[in-house]
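Okay, here's what each chain looks like letter by letter:
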Amino acid sequence: MNLCASVDKKPLPQINTDKTQINKFKKETICENLCASVAKNSSVTILALGVRQSWRGLIRGGARPDFIVFDDVEKSGDIRNPRIVQERMEFFLRDVRPAMEKGGKMFLVGNLFSRRSAMTRFFEDSLQYPHLRRFRFDAEDSEGNPVWPDKYSKEDLQNWRRDLGEARFNAEYMNCPSDEGTMVKPEDIKYYSRDEISLKKMEIAGFYDPSATSTENSDYQAFITVGRVKDEKNENFIYYVLDAFVKRCKLDDAIASVYQRAKEWTYNLIGAETNVLKEWLEGEFRRAEGAFKFPLPWRGVRNTGEKRERIRRLAPLIERGALRFLRGAEGGDTPLLVEQILFSGSPGVHDDAPDALAGVMEMWAAEDKAEAERKKRVPLGIVFTNGP
């Protein structure tokens, strides 16, 4: 079992509890305090509500709720859809928390059965959610003994591990999720801030992945801007996602956003996928060039191969910290880009933004390969002589 507690605005450290602390936690934090409060104060009101019910305006006797416990609010099917996960996180932060009495406590109880779940994201991201106090209770201790022997025996744990398999047992009982097919884990994402980089030293490129429609369920228009600079040893490139435009909008609005960004960044390269909309794109770029009064160094790129494989090539760069993301509003739609990367491959999940990012990386790889080939060429000299 895993538990996150929402507390006041003072950041609290993460607490990993062992079996010797469980009884103390129960006694001091939940059970006795709650029972004593109900027994001594007849004005205490206890309500049972679901996550789909309205939490706003809950007032009894002039007081708002000051103690709320949520238990297992996520289903395994929910985590396959990033929209449901995001809605669940926003429900806790924007609906429930503002509806509480000042100084109240909210407890989220559940298992870390997936790295993409709302509970796992709350639990592991202490930088973005520093005001959560974290408690972790695994089914067994480091020696394989049950942490709750009154509930289950060592033999029970061994049988469950055998029946479920190691991966599923770890996810259900040891708070150690392992999502099959997940290309990138949340903890692999490395963030940076603007003051850590120098744009003057960077090469900058962008890639546009277009969509022909702009309906509620259509693909996204995605334009990703990336800067790169050599590392301290001057051996390998570090890539920084400087900006992400990921929206459902008209094609001409998306191209206008590309030109607007060209006013801010000096692009060395701009690519656009032309698998389907080649002539249309060329016409839109010509019109935009006339409206904005300057040309762009853009080129059409025809992608070949499977999209999922192109996106998969991003994983090694992300894992070793060579591809980094800007945290916060400065990076535009970067949070949506990261979300699509984490959920890439799940049914019904859009991957237009990761595909545009992969387009930038492939475009640079092609340029680097061409440059290496040029350096290999040896000039051919012809010498004329007189006589034999």
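The rules behind these values
- Residues numbered from 1 in each chain as written.
- Predicted model: local features only at pLDDT ≥ 70, side-chain atom pairs only at ≥ 80, totals over all residues.
- Heavy atoms only, no water.
- Salt bridge = Lys/Arg side-chain N within 4 Å of Asp/Glu carboxyl O.
- Helix = DSSP H or I, 4+ residues; strand = E, 2+ residues; numbered from the N terminus.
- Axes fitted to C-alpha atoms, helices over the stretch in contact; angles between N-to-C directions.
- Parallel < 35°, antiparallel > 145°, perpendicular 65-115°, else oblique.
- Contact = heavy atoms within 4.5 Å.
- Nonpolar A, V, L, I, M, F, W, Y, C, P; charged D, E, K, R; others polar.
- Phe/Tyr/Trp six-rings, centres within 6.5 Å; stacked < 30°, edge-to-face > 60°.
- Buried < 20%, exposed > 50% of the residue type's maximum accessible area, 1.4 Å probe, protein only.
- Expected span 1.5 Å × (residues − 1).
- Core = buried A, V, L, I, M, F, W, Y, C linked by side-chain atoms within 4.5 Å.
- Pairing = 2+ DSSP bridges.

Enquirer: Quick one: what's the story with the pattern of salt bridges, residue by residue and with numbers?
Expert: Within this structure, the stated rule accounts for eleven salt bridges. A salt bridge links Glu284 to Arg287, with the shortest nitrogen-to-oxygen separation between them at 2.5 Å. Residue Glu284 and its partner Arg287 are located together in helix α7 (residues 278-292), separated by three residues, close to a single helical turn. With a shortest N-O distance of 2.8 Å, Arg313 and Glu362 are connected by a salt bridge. Of this pair, Arg313 sits in the loop between α8 (307-312) and α9 (314-319) while Glu362 sits in helix α11 (residues 352-376), and the two are 49 residues apart along the sequence.

Enquirer: So what's going on with the packing of helix α10 (residues 334-342) against α11? Residues and values would help.
Expert: To characterise two packed helices, one gives the angle between the axes of the helices and the distance between these axes. Their axes nearest at 7 Å, the elements α10 and α11 cross at an angle of 95°. If you check the angle between α10 and α11, you find them roughly perpendicular. Judged by residue contacts, Leu337, Gln340 and Ile341 of α10 engage Asp352, Ala353, Pro354 and Leu357 from α11. Among the residues making up the contact of α10 with α11, the classes are represented as five nonpolar, one polar and one charged.

Enquirer: Any chance you could break down the environment of Arg83 for me, citing the residues and the numbers?
Expert: Within the fold, Arg83 resides in helix α2 (residues 82-96). Each C-alpha atom, one on Arg83 and one on Val349, is 8.9 Å from the other, the two residues being 266 residues apart in sequence.

Enquirer: Tell me about the packing of aromatic side chains, residues and numbers included.
Expert: On inspection of all chains with the given rule, the structure shows 17 aromatic pairs. Note on Phe223 and Tyr267: the rings are 5.9 Å apart at their centroids and 55° apart in plane angle, and the pair reads as tilted. Here Tyr267 lies in the loop between α6 (251-264) and β9 (269-273) and Phe223 lies in strand β7 (residues 221-230), a separation of 44 residues in the sequence. Judged by its relative accessible area of 1%, Phe223 falls in the buried class. Tyr267 sits in the buried class, given a relative accessible area of 9%. Between the aromatic rings of Phe237 and Tyr239, the centroid separation amounts to 6.1 Å while the plane-to-plane angle is 45°, which identifies the pairing as tilted. Assessed through its relative accessible area of 10%, Tyr239 is described here as buried. Counting every residue linked through ring pairs, the aromatic cluster contains Phe70, Phe91, Phe92, Phe122 and Tyr129.

Enquirer: Mind laying out α11, listing which residues take part and the relevant values?
Expert: Helix length check: α11, at 25 residues, gives a terminal C-alpha distance of 36 Å against a target of 36 Å (1.5 Å per residue), a fit within 8%. Listed in full, the buried residues belonging to α11 are Asp352, Ala353, Pro354, Asp355, Ala356, Leu357, Ala358, Gly359, Val360, Met361, Met363 and Trp364.

Enquirer: Give me the lowdown on the nonpolar core, citing residues and values where you can.
Expert: Within the largest apolar cluster, 58 residues are counted, with the highest numbers of intra-cluster contacts made by Phe70, Ile224, Leu323, Phe325, Leu337 and Leu357. Sort the elements by how many residues they give to this core and α11 lands first, with eight residues. Not counting residues up to four positions away in its chain, the partners in contact with Phe325 are Ile189, Lys190, Tyr191, Tyr192, Val241, Ile318, Thr334, Leu337, Val338, Ile341 and Leu357.

Enquirer: Explain the sheet that holds strand β6 (residues 203-209) to me, and be specific about the residues and the numbers.
Expert: What the seven strands build is an open sheet, ordered β5-β11-β8-β7-β6-β9-β10; its pairing is mixed. Taken across any chain shown, the strands that pair with only one partner, and hence form the sheet edges, are β5 (190-192) and β10 (298-301). Strand-to-strand twist of the sheet, defined as the mean angle between neighbouring strand axes without regard to direction, takes the value 30°. Across three bridges, β5 lies against strand β11 (residues 323-326) in parallel orientation. Bridge pairing links Tyr191 to Phe325 in β11. Against the sheet, α10 contacts β5, β7, β8 (237-247) and β11, and its axis sits at roughly 105° relative to β8.

Enquirer: Explain unusual backbone geometry to me, using residue names and the numbers behind them.
Expert: For Asp72, which is not a glycine, the phi torsion comes out positive at approximately 50°. Assignment of secondary structure puts Asp72 in the loop between β2 (67-71) and α2. Looking at Asp72, the relative accessible area reads 51%, which means it is exposed. Notably, Lys293 is not glycine yet its phi reads approximately 65°, a positive angle. Positionally, Lys293 belongs in the loop between α7 and β10. On the basis of relative accessible area, Lys293 is assigned to the exposed category, the value being 71%.

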